[in-house]
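Inside the fold
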Amino acid sequence: MKNFKNIPSVDELLSHALIKEFIEKYNRDFILGLIRQALVDFRRQMPNQDISYSRDEITQLLLNRVINLVEVKTAGTLCKVINATGVVLHTNMGRAPLGEQAIDYLVEMAKSYNNLEFNLQKGSRGSRYNHVEELLVELTGAQAALVVNNNAAAVMLGLNTIAKDREVIVSRGQLVEIGGAFRIPEVMKLSGAKLIEVGTTNKTYLSDYATAINENTSLLFSAHTSNYKIVGFTEEVKMDKLVDLGHQHGLPVMQDLGSGVLYDLKQVGLTDEPTVQASIASGVDILTFSGDKLLGGPQAGIIVGQKQYIEAMKENQLTRALRVGKLTIAALEGTLIEYLSGKPEQRIPTLAMLSQELEELKKKSEELRDKLKAELANNEFVSEINLVPLEDMVGGGAYPIHKIKGLGVELKFRDLNLEKLLERLRLNQPALVSRVQADSMLISVRTLLTGDVELIPRLIKNALMS
């Protein structure tokens with residue numbers, strides 16, 4: 001194609017009714033930039049085409065391109081994903097979905113002014129940290145509490161406040177790596193504390209800690225290894241024993257729980273994850289854990305413990321850099337209130353998913369299977385749609401070797417590139433992410449939220465047609 005003279009000018013496009021509508025809705029410079037981008041893209045394609053277009057045809061092609069660019073640029077990069085993997089706390093999919101109480105409270109606080117740092121009783125400046133502290137104290141049995149932006153920040157703040165330029169004793173077997181290649185030892189070193197590693201990878205004794213204590217020791221540290229397990233020939237110091245040792249030497253003891261949980265998961269068959277309440281009861285002075293894992297709330301680092309240490313952290317200048325905003329506080333407060341209701345396993349999505357009985361999963365699986373069969377009846381690519389037993393996981397670094405009995409639907413295909421189908425489903429709106437086994441697509445129903453069962457058949461049908 002060599003008919004360059006038929007390409008309309010920028011001014012000509014700006015005078016088009018559709019572009020004028022966009023300029024009324026969006027910033028003029030933004031739309032102008034998209035017009036120029038559309039022109040550049042079109043000119044790049046022209047030498048590779050043998051087709052001649054009229055001026056009106058080129059104008060329409062450019063307008064379509066601008067429309068597409070506007071949709072892409074204004075859609076935002078976060079989008080809804082249907083989690084059909086059976087991994088409840090899927091780190092790559094935002095971990096814990098919020099409960100209704102948290103969402104309602106979050107929306108109410110987001111769309112209005114609020115008393116984030118305003119003491120309504122005194123009519124003067126207040127503290128944002130007071131809003132969730134009372135709830136956390138009530139729920140955990142600790143003397144005080146503080147919330148920062150994530151658990152790594154909570155660990156760093158605690159160490160920086162109490163142990164900067166001094167020694168912290170920690171078991172070598174607890175120096176874990178968390179997601180994205182971030183390592184607890186490196187996070188701890190950034191705090192200014194000097195790590196003293198004791199014991200071995202698989203065995204650490206109380207005597208190892210005792211031998212390492214000296215006049216420069218400021219803290220005994222323990223990390224709950226929730227994201228991996230060492231089994232076999234192992235030994236680990238129990239928290240109450242470590243607390244006794246620390247207090248004998250006038251040293252505080254700090255524990256990082258990682259996935260802190262306020263609800264005893266033994267009730268749903270999950271063991272080996274200490275509750276926050278149990279750790280506080282053991283005498284731990286400072287305890288840190290995440291808000292968006294087993295707690296079921298927003299991303300946050302929660303610190304509970306002895307009042308003297310929490311108050312010192314509040315005064316640390318680093319707290320300003322790690323502080324949370326009104327939306328996090330609102331979502332966390334709404335979540336914590338659900339624990340006071342006495343039925344968190346019903347009202348907090350994470351706990352509700354983990355608490356689902358097989359009979360409930362079977363009913364949901366049958367409903368999805370029937371809807372899929374109705375939507376995909378006589379589809380040339382679908383060979384079988386069956387109910388199948390599955391093994392689900394907690395995720396989020398918790399219970400790494402524990403499998404949960406689950407159920408779901410298996411789809412088998414013929415004459416189809418399964419990887420291409422899965423890609424189309426990921427790029428759909430909303431996106432659908434499932435499991436794959438051999439040449440089958442597996443949909444675990446445990447992690448499906450309200451409305452997902454109705455959406456999935458249509459999404460798969462559309463992907464098969466494209």
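Residues numbered from 1 in each chain as written. Predicted model: local features only at pLDDT ≥ 70, side-chain atom pairs only at ≥ 80, totals over all residues. Heavy atoms only, no water.

Burial runs high along strand 18 (residues 440-444): 5 of the 5 residues are buried. Burial of the side chains of strand 18 extends over both faces: Ser-440, Leu-442 and Ser-444 are buried on one face and Met-441 and Ile-443 on the other. Alignment of strand 17 (residues 435-437) against strand 18, held across 3 bridges, turns out to be antiparallel. Paired with Arg-435 across the bridge in strand 18 is Leu-442. With antiparallel pairing between neighbouring strands as the criterion, strand 17 and strand 18 make up a hairpin whose turn holds 2 residues, including Ala-438 at a positive phi of roughly 55 degrees. (Buried < 20%, exposed > 50% of the residue type's maximum accessible area, 1.4 Å probe, protein only. Helix = DSSP H or I, 4+ residues; strand = E, 2+ residues; numbered from the N terminus. Pairing = 2+ DSSP bridges.)

This next bit is on helix 12 (residues 307-315). Residues Tyr-309, Ile-310 and Met-313 constitute the buried set of helix 12. Each buried residue of helix 12 sits inside an arc of 100 degrees when the element is viewed along its axis, so together they form one side. Turned more than 90 degrees from where helix 12 packs its buried face, Gln-308 and Glu-315 sit exposed. Contacts made by the buried residues of helix 12 are with strand 5 (144-148), helix 7 (151-163), strand 12 (286-290), strand 13 (301-305) and helix 13 (318-322). (Arc of directions from axis to C-beta. Contact = heavy atoms within 4.5 Å.)

Before going further, it helps to examine the sheet that holds strand 17. Read across the sheet, 5 strands follow the order 2-14-15-18-17 without closing on themselves; strand pairing throughout is mixed. Here the strands that pair on one side only, and so sit at the sheet edges, are strand 2 (87-89) and strand 17. The mean angle between the axes of side-by-side strands here comes to 35 degrees, regardless of whether they run parallel or antiparallel. Bridge count between strand 2 and strand 14 (residues 382-395): 2 bridges; the pairing is parallel. Across the sheet, Val-87 pairs through a bridge with Met-393, a residue of strand 14. (Axes fitted to C-alpha atoms, helices over the stretch in contact; angles between N-to-C directions.)

Further remarks concern the environment of Lys-403. Secondary-structure assignment places Lys-403 in the loop between strand 14 and strand 15 (404-413). Looking at Lys-403, the relative accessible area reads 42%, which means it is partly exposed. Note: C-alpha distance between Lys-403 and Tyr-53 (350 residues apart in sequence) is 60 Å. Ignoring sequence-local partners within four residues, the contact set of Lys-403 consists of Glu-391, Asp-392 and Met-393.

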